[in-house]
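For reference, the chains in residue letters:
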Amino acid sequence: MLNNNPFSILAETIPPSAMQYFIIAMVLLIAVGTIIQMIHHKNLTYFFANAKKAKLSATKELGIAEKTGIIAKTTVVDIGTTSELGFGKRRLAHVLGMYGTILFWVSSAVLVFCYTGVDKSNSETWSMLWHVGAILTCIGGYWFWFFLRVDVSAEAHPWYRIIKADLFVLALLACSTFGLAWSYLQFNDQVGLSYLFLILFVASNLILFGGVYWSKFAHMFYKPGAAIQKNLAEADGSRDNLPPPADAPEQFGLGIKREEPKHY
Ligand code: HEM
């Protein structure tokens, strides 16, 4: 099953061009949802106003080479490993889900545009990557959902309590779970059930990409922007108008050791 391209078998009933248009429509939905969210929440306006204000208190002018170095390092270290989550389970779960999703999306596009249709060859590697991406997303996402979510791990709410803020993670998990189930059932010739899961797969994609405006989807664009701005502000001395770190070591006494910090 892992070497099988489910889109290729689907192309016997649905033209590959329909699948290609679907992917293009999903990309457009991301762009529209994010732009409307930025206009409505005014976060981009705040971001640039803040960056402009901070620049006034800069103590050092950064050159192009220095800026490029900071941006490259932030991309590889901070963004590429979600360093803001510190060391531990939360970061590991996020990295698994993040790379799983990127792999799943990229391989979906490659499979549909390059390896689906009568005159197209097969790629076991890309089919494998599609399945591995979905599996990694499930591991990271379900781990987060059942055990690490703040509502569950710190606020003692049951894992099945669902609120609007869960739209993103649940739609993401639905996409990879239904995608895997569709591929498995299609491979095992369970025609009726495979179409049921295909419909669920399509519906969850429509919810994930159509819900960008209401969900946390766009954090994957905002977070990298904020990390780059923070590191540039640190390097030019403006520090986003925050006070410099204290030079004395942090002394909290022994009380801090009594309980694992879980109060957000
Ligand atoms: C394809 C890219 C990404 C995916 C699929 C993804 C997925 C997720 C998911 C499912 C959550 C949980 C959302 C919730 O609270 O319900 C999350 C939270 C978070 N993400 Fe991402 N993310 C991506 C990119 C990024 C990037 C680039 C950063 C930072 C540079 C980032 C930082 C965070 C942080 C700080 C949280 C809060 C984590 C927590 O509460 O434990 N994410 N992300």
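Up top is the structure these notes are about.
As the structure is a computational prediction, the values presented were derived from the model and not from experiment.

A. Expanded view of the coordination of the iron atom of the ligand. Protein coordination at the iron atom of the ligand: the donors are His94 (NE2) and His219 (NE2), at 2.0 Å from the metal. Around the iron atom of the ligand sit 6 donor atoms; with metal-centred angles ranging over 87 to 180 degrees, the donor geometry is octahedral. Placement of the pair is His94 in helix H5 (residues 89-114) and His219 in helix H10 (residues 219-235), with a sequence separation of 125 residues. In this structure His219 comes out as partly exposed when scored by relative accessible area, which is 26%.

B. Molecular detail of the pattern of salt bridges. One pass over the full model with this rule turns up 4 salt bridges. Residue Glu66 pairs with Lys60 through a salt bridge whose shortest N-O separation is 2.7 Å. In this structure Lys60 comes out as partly exposed when scored by relative accessible area, which is 40%. Asp166 is the salt-bridge partner of Arg149, the closest N and O atoms lying 3.6 Å from each other. Of this pair, Arg149 sits in the loop between helix H6 (124-148) and helix H7 (150-153) while Asp166 sits in the loop between H7 and helix H8 (167-187), and the two are 17 residues apart along the sequence. Asp166 carries the same exposure label as Arg149, and that label is buried.

C. Structural context of the site of the ligand. Close contacts around the ligand come from 19 residues, with Glu84, Arg90, His94, Lys216 and His219 the closest. Between an oxygen atom of the ligand and a side-chain N or O atom of Lys216, the distance comes to 2.6 Å. Of all the elements, H5 adds the most residues to the shell around the ligand, at 5 residues.

D. Region of the structure containing H10. Here H10 spans 24 Å end to end across 17 residues, near enough to the 24 Å set by a 1.5 Å rise per residue. Those residues of H10 lying buried are Pro224, Ala227, Gln229, Asn231, Leu232 and Ala233. Residues of H10 that are buried sit in contact with helix H3 (43-56) and helix H4 (64-79). One or two residues past the end of H10 sits Gly237, with phi positive at roughly 85 degrees.

E. Structural detail: the nonpolar core. Membership of the largest hydrophobic core comes to 14 residues, with the highest contact counts inside it found for Phe7, Trp130, Trp182 and Phe201. Residue assignment for this core shows that the elements contributing at least two residues are helix H1 (6-10), helix H2 (16-41), H5, H6, H8 and helix H9 (191-210). Apart from residues lying up to four places away in sequence, Trp182 is in contact with Pro6, Phe7, Leu10, Trp130, Ser194, Phe197, Leu198 and Phe201. Counting residues in hydrophobic clusters, the runner-up holds 10 residues, among them Phe168, Leu208, Val212 and Phe217.

Thresholds, definitions, all that
Every chain is numbered independently, its residues counted from 1 as its sequence is written. Predicted model: local features are reported for residues with pLDDT of at least 70 only, side-chain atom pairs are reported and counted for 80 or more only, and whole-chain, interface and lining totals are derived from all residues. The side-chain values count all of the structure's non-hydrogen atoms but skip hydrogen atoms and water molecules. For Na, K and Ca the donor cut-off is 3.2 Å, while for other metals it is 2.8 Å, and in both cases only N, O and S atoms qualify; water is not among them, so sites may look incomplete. In this scheme the shape depends on donor count and angles: four donors with every angle between 85 and 135 degrees give tetrahedral, four or six donors with opposite pairs above 155 degrees and others between 65 and 115 give square planar or octahedral in turn, and any other case is irregular. A run of H or I in DSSP becomes a helix once it reaches four residues, and a run of E becomes a strand once it reaches two; helices and strands are each numbered from the N terminus. Residue exposure (1.4 Å probe, protein chains only): buried if accessible area is under 20% of the type maximum, exposed if over 50%, otherwise partly exposed. What counts as a salt bridge is simple: a side-chain nitrogen of Lys or Arg found within 4 Å of a carboxyl oxygen of Asp or Glu. Being near a molecule or strand, for a residue, means having at least one of its heavy atoms within 4 Å of it. Think of a polar contact as two N or O atoms within 3.5 Å of one another; within protein, one of them needs to be a possible hydrogen donor and the other a possible acceptor, and neighboring residues in sequence only count if both atoms come from side chains. For a helix, the expected span equals 1.5 Å multiplied by the residue count minus one. Residue contacts are counted whenever heavy atoms from the two residues lie within 4.5 Å of one another. In plain words, nonpolar cores are sets of buried Ala, Val, Leu, Ile, Met, Phe, Trp, Tyr and Cys residues tied together by side-chain atoms within 4.5 Å.

Worth remembering: the numbers are spatial, not functional.
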